[in-house]
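Topology and contacts: notes
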Amino acid sequence: MTKTAELHIDGKVYELPVLEGTEGEKAIDISKLRAQTGHITLDIGFKNTGSTKSSITFLDGEQGILRHRGYSIEDLCDKADFLQVAHLLIYGEYPTGETYDKFKNTITYHTLVHEDMRKIFDGFPASAHPMGVLSSLVTSLTAFYPESLDPTTAPEGVDLTIVRLLAKLPTIAAWSYKNEMGHPLNYPNNNLDYVSNFLQMMFGLRTETYEINPIVRDALNKLLILHADHEQNCSAATVRVVGSSQASLYASVSAGINALWGRLHGGANQAVIEMLENIMEDGGDVEKYIAKAKDKNDPFRLMGFGHRVYKNFDPRARIIKKSCDEVLESLGINDPTLEIAKKLEEAALKDDYFVDRKLFPNVDFYSGIIYRAIGIPTEMFTVMFALGRLPGWIAQWKEMREEGQPIGRPRQLYVGENHRPL
Ligand code: CMC
């Protein structure tokens, strides 16, 4: 029997269907609310609003659970390659054997970007933030592949766009770094795997063979997997809303990159390192910064702390913290910001303000420290997040399109002036 919830307004009773997800999550279906009652719901920041049903990622913020298509993030980080997770998210199945080889090969042979794109790179000043360059160039892909403009075309066309995006984003990302450095660009090397090829384009010199450090490669593989999807977050929701207007996948992903850029979302990883460096330069007084974060008259927030959905711990932070210790130890790096990070974490975890509000270190608290250890410059941190999140954005866009979801268009409660003569 279908469960219902009752809504009482002005003496009238309305019955609303109660839906249940496969993991027991419950939702009140209000899709006919306005037609039946003349009311809308108001939920600024969508704190209680489900915008879609989805089969991609399950997240339980109270218990710290994250699963993609049923597989735990712990298992995936332990056993999978990033491209396997990408296939899992986008196509629903974990690829092995021939399926995986075919997928890998297809991606490998689309890694080059059109030579004319270099002219666009040349137009950016060295001061350009790599996130701005990345989103501009992803939009520019529509100019080189105009057949992608209509996403309602045959699925093979969409599949080709998916492959091109996965293949070319590392090239564009590495080139945006080279542009910032004023260095010559490195071309993709199709003998290397996805992660190693990216490292080669970032750090290889044209004159010598680039030696891949397996510790660095594995850490980066894990980091990309940890960022691969996170259900209806700010950037994924953006990708779905933009895509719901039937904008192309390139345009939708470019919008997602811009949504990720802000410091409350993916930009937090850059903000964490900047915050740790500031605290260090200011004498390393962690208590002073804890007090600032608690002071409602001070705009300072502890970057890398808190999460909209995780109210216990962020399972990604747990994995990354371990990986961070391993990487620093095996590379023999003694990073003083890590000491500040540890002190900050200890102080916050026993402080009532943070305990009461369930504020724990999130994934961004540690990722910046690893990126730094493996030689990635601070301004590239959010680009690394974007590289990891790409399969998630694609999977969310594809699911939305395949289910024929309507254009995303919220309502509002108008609180402005009434009609007045001009
Ligand atoms: N430092 C100090 N106080 C905080 C922090 C923080 N980092 N985060 C939340 N609070 C307080 C906030 O002031 C509020 O207090 P009160 O109830 O007294 O008004 C309470 O905790 C709830 O915060 P909120 O802003 O209502 O929570 P939200 O769900 O809207 O925001 C958040 C979530 C992640 C934007 C926020 O915790 C934050 O700004 N964190 C720092 C930025 C950050 O690390 N972002 C990365 C998120 S993880 C990567 C990703 O998935 O994007």
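Residues numbered from 1 in each chain as written. Predicted model: local features only at pLDDT ≥ 70, side-chain atom pairs only at ≥ 80, totals over all residues. Heavy atoms only, no water.

Right, let's get into the nonpolar core. Leu134, Leu165, Leu166, Leu302, Leu344, Phe354 and Trp393 are the most contacted members of the largest nonpolar core, which totals 114 residues. Sequence-distant contacts of Phe354, that is, excluding residues within four places in its chain, are made with Ile290, Ala293, Lys294, Leu302, Phe305, Ala348 and Leu359. (Core = buried A, V, L, I, M, F, W, Y, C linked by side-chain atoms within 4.5 Å. Buried < 20%, exposed > 50% of the residue type's maximum accessible area, 1.4 Å probe, protein only. Contact = heavy atoms within 4.5 Å.)

Right, let's talk about the pairing of strand 1 (residues 4-9) for a bit. Of the pairings in the sheet, the one linking strand 1 to strand 2 (residues 12-20) comprises six bridges and is antiparallel in character. Counterpart to Thr4 in the pairing with strand 2 is Pro17. (Pairing = 2+ DSSP bridges. Helix = DSSP H or I, 4+ residues; strand = E, 2+ residues; numbered from the N terminus.)

So, on to helix 13 (residues 286-294). Side chains that are three or four residues apart share a direction in an α-helix, a result of its 3.6 residues per turn. Considered for burial, the residues of helix 13 that qualify are Val286, Tyr289, Ile290 and Ala293. Burial along helix 13 is one-sided: seen end-on, the buried residues are contained in an arc of 105°. Residues of helix 13 that are buried sit in contact with helix 12 (268-281), helix 15 (336-349) and helix 16 (352-356). The backbone nitrogen of Glu287 has a side-chain oxygen 3.3 Å away, supplied by the residue at the start of helix 13, namely Asp285. (Arc of directions from axis to C-beta. Polar contact = N/O pair within 3.5 Å; in protein donor to acceptor, adjacent residues only side chain to side chain.)

A rise of 1.5 Å per residue sets the reference length of helix 14 (residues 315-330), with its 16 residues, at 22 Å; its end C-alpha atoms lie 23 Å apart and thus fit the reference within 8%. Every buried residue belonging to helix 14 is among Pro315, Arg316, Ala317, Ile319, Ile320, Ser323, Cys324, Val327 and Leu328, and all of these are buried. Buried-residue contacts for helix 14 involve strand 5 (65-68), helix 2 (73-79), helix 9 (214-226), helix 15, helix 17 (363-373) and helix 18 (381-402). Backbone nitrogen of Arg316 and a side-chain oxygen of the N-cap are separated by 2.9 Å at the start of helix 14; the cap is Asp314. Immediately downstream of helix 14, the backbone of Gly332 shows phi near 65°, a positive value. (Expected span 1.5 Å × (residues − 1).)

Under the definition given, this model contains zero disulfides. Considering cysteine sulfurs only, Cys77 is the nearest to Cys324, which forms no disulfide, with 14 Å between them. Note on Cys324: relative accessible area 1%, which makes it buried. (Disulfide = S-S within 2.5 Å.)

Applying the stated rule across the entire model yields 19 salt bridges. The shortest N-O distance in the salt bridge between Asp81 and Arg217 comes to 3.2 Å. Linking Asp81 in the loop between helix 2 and helix 3 (82-91) with Arg217 in helix 9, this pair joins segments that are 136 residues apart in sequence. Lys119 is paired through a salt bridge with Asp116; the nearest N and O atoms lie 3.3 Å apart. Residue classification places Asp116 among the partly exposed residues on the basis of a relative accessible area of 35%. Each member of the salt-bridge network shares a partner with another, and the members are Asp81, Asp193, Arg217 and Asp218. (Salt bridge = Lys/Arg side-chain N within 4 Å of Asp/Glu carboxyl O.)

Near the ligand lie 22 residues; those nearest to it are His265, Arg301, Leu302, Gly304 and Arg308. Taking Leu264, its main chain carries an N or O atom lying 3.0 Å from a nitrogen atom of the ligand. With respect to the ligand, the side chain of Asn362 contributes an N or O atom lying 3.0 Å from an oxygen atom. Considered on its own, the ligand offers 940 Å² of accessible surface; in the complex 79% of this is hidden by protein. The residue makeup of the shell around the ligand, split by class, is eight nonpolar, six polar and eight charged. (Near = heavy atom within 4 Å. Areas by Shrake-Rupley, 256 points an atom, 1.4 Å probe, with all protein chains shown as cover. Nonpolar A, V, L, I, M, F, W, Y, C, P; charged D, E, K, R; others polar.)

Examined bridge by bridge, strand 4 (residues 57-60) and strand 5 share four bridges and lie antiparallel to one another. When the bridges of strand 5 are listed, Asp60 appears paired with Ile65. The turn joining strand 4 and strand 5, which pair antiparallel and follow one another in sequence, is formed by four residues; a positive phi near 70° is taken by Gly64. Relative to strand 6 (residues 71-72), strand 5 runs antiparallel, the two being bridged by two bridges. Across the sheet, Arg67 pairs through a bridge with Ser72, a residue of strand 6.

Looking now at the sheet that holds strand 6. Within a sheet, neighbouring strands are paired by backbone hydrogen bonds and run either parallel or antiparallel to one another. Pairing is antiparallel in the open sheet, where three strands are placed in the order 4-5-6. At either margin of the open sheet sits one strand with a lone partner, and together these are strand 4 and strand 6.

Domain annotation of the protein chain identifies domain 1 (4-63) and domain 2 (64-412). Computed from C-alpha atoms alone, the centre-to-centre distance between domain 1 and domain 2 is 31 Å. Each partner contributes to the interface: domain 1 provides 19 residues, whereas domain 2 provides 25 residues. Summing both sides of the interface, domain 1 and domain 2 together bury roughly 1,900 Å²; the carbon and sulfur share of this comes to 49%. Looking only at domain 1, the three residues that lose the most surface to domain 2 are Ile56, Thr57 and Leu59, adding up to 35% of its buried area. Here domain 1 and domain 2 share one salt bridge between them. With a closest N to O distance of 2.9 Å, Arg67 and Glu23 form a salt bridge. Taken together, the connections running from domain 1 to domain 2 amount to 15 residue pairs in polar contact (both at pLDDT 80 or more). The leading source of residues in the side of domain 1 that touches domain 2 is strand 4, at four residues. Of the residues belonging to the side of domain 1 that touches domain 2, the class tally is five nonpolar, eight polar and six charged. (Domains from an automatic or database assignment. Buried area = accessible area lost by both parts, 1.4 Å probe.)

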